[in-house]
Amino acid sequence: MTMTIGKNSVVEIHYTLKNDGGEVLDSSEGSEPLMYLHGTHGLIQGLENELQGKKIGDKFKAVIPPELAYGEIDPDLIHSIDKSMFRGVDKIEPGMTFTAEGEHGHQHITVKAVEGDKVIIDGNHEMAGQTLHFDVEVVSVRAATEEEIDHGHVHAHGDHHHH
Ligand code: ZN
């Protein structure tokens, strides 16, 4: 019997991710496939939904709207701060990223613009607000071990790092 993807399947996929403009944002091509434990939010929700019930060798395209990917852009995460906040940084330019300690732990921040003494920063995920276009191939499917289910993550290639 061919195993299909469901709750607690350990799945490997090759994928290419493009935006609406057809620009490649991410791809597993040329490297190891992405391995994840199905049903534990290891992937964005929209892609898990599409993978449900698929089997080894299946190839498909999926178009995932923002609400099932990285969410809509939250304007509350866009702030104007004083340039003096960036102590020790020589040059602040749009596109720079850094990590800040926020109320929800580590937050990934992108510099959107520099206007005089003000810096516009954006704490939204870089793919927030974007419709994602995936090309996916299912490489392998197996049942998770009890230990993996217990931990909520995959133990790949005998690599038992515990956290
Ligand atoms: Zn573990």
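Residues numbered from 1 in each chain as written. Predicted model: local features only at pLDDT ≥ 70, side-chain atom pairs only at ≥ 80, totals over all residues. Heavy atoms only, no water.

A. Here's a closer look at the sheet that holds strand β6 (residues 97-102). Across the sheet, 4 strands lie side by side as β5-β8-β7-β6; this open sheet has antiparallel pairing. Every other strand in the sheet has two partners, leaving β5 (78-82) and β6 as the edge strands with one partner each. Mean inter-strand twist for the sheet, computed between neighbouring axes without regard to direction, equals 40 degrees. (Pairing = 2+ DSSP bridges. Helix = DSSP H or I, 4+ residues; strand = E, 2+ residues; numbered from the N terminus. Axes fitted to C-alpha atoms, helices over the stretch in contact; angles between N-to-C directions.)

B. Spatial organisation of the packing of aromatic side chains. Tallied over the full model, the rule gives 2 aromatic pairs. Here the aromatic rings of Tyr15 and Phe134 are separated by 6.4 Å at their centres, their planes lie at 55 degrees, and the arrangement is tilted. With Tyr15 in strand β1 (residues 9-18) and Phe134 in strand β9 (residues 132-143), the pair connects residues that are 119 residues apart, well separated along the chain. What makes Tyr15 buried here is its relative accessible area of 13%. With a centroid separation of 5.4 Å and an interplanar angle of 85 degrees, the aromatic rings of Phe86 and Phe98 are classed as edge-to-face. In this pair, Phe86 sits in the loop between β5 and β6 while Phe98 sits in strand β6, placing the two residues 12 residues apart along the sequence. Note that Lys54 overlies the ring of Phe60, its terminal NZ or CZ placed 4.5 Å from the centroid. (Phe/Tyr/Trp six-rings, centres within 6.5 Å; stacked < 30°, edge-to-face > 60°. Buried < 20%, exposed > 50% of the residue type's maximum accessible area, 1.4 Å probe, protein only. Lys NZ or Arg CZ within 6 Å of the ring centre and 35° of its normal.)

C. Broad picture of the coordination of the zinc ion. Around the zinc ion, the protein contributes the donor atoms His151 (ND1), His153 (NE2) and His155 (NE2), which lie 2.0 to 2.2 Å from the metal centre. Donor residues for the zinc ion sit on one chain with the sequence pattern H-x1-H-x1-H. (Donors = N, O, S within 2.8 Å, 3.2 Å for Na, K, Ca; no water.)

D. Expanded view of the pattern of salt bridges. For the structure shown, the criterion picks out 6 salt bridges. Across the pair Lys118 and Asp82 runs a salt bridge, and its minimum N-O distance is 3.5 Å. Within this pair, whereas Lys118 is found in strand β8 (residues 118-122), its partner Asp82 is found in strand β5, the two being separated by 36 residues in sequence. Residue Lys118 is classed as partly exposed on the basis of its relative accessible area of 37%. Judged by its relative accessible area of 33%, Asp82 falls in the partly exposed class. (Salt bridge = Lys/Arg side-chain N within 4 Å of Asp/Glu carboxyl O.)

E. Local environment of the environment of Glu67. Mapping Glu67 onto the fold places it in the loop between β4 (59-64) and β5. Residue classification places Glu67 among the exposed positions, given a relative accessible area of 56%. A sequence separation of 23 residues divides Glu67 from Ile44, and the C-alpha atoms of the two residues are 9.8 Å apart.

Any functional reading would require information that these geometric values do not contain.
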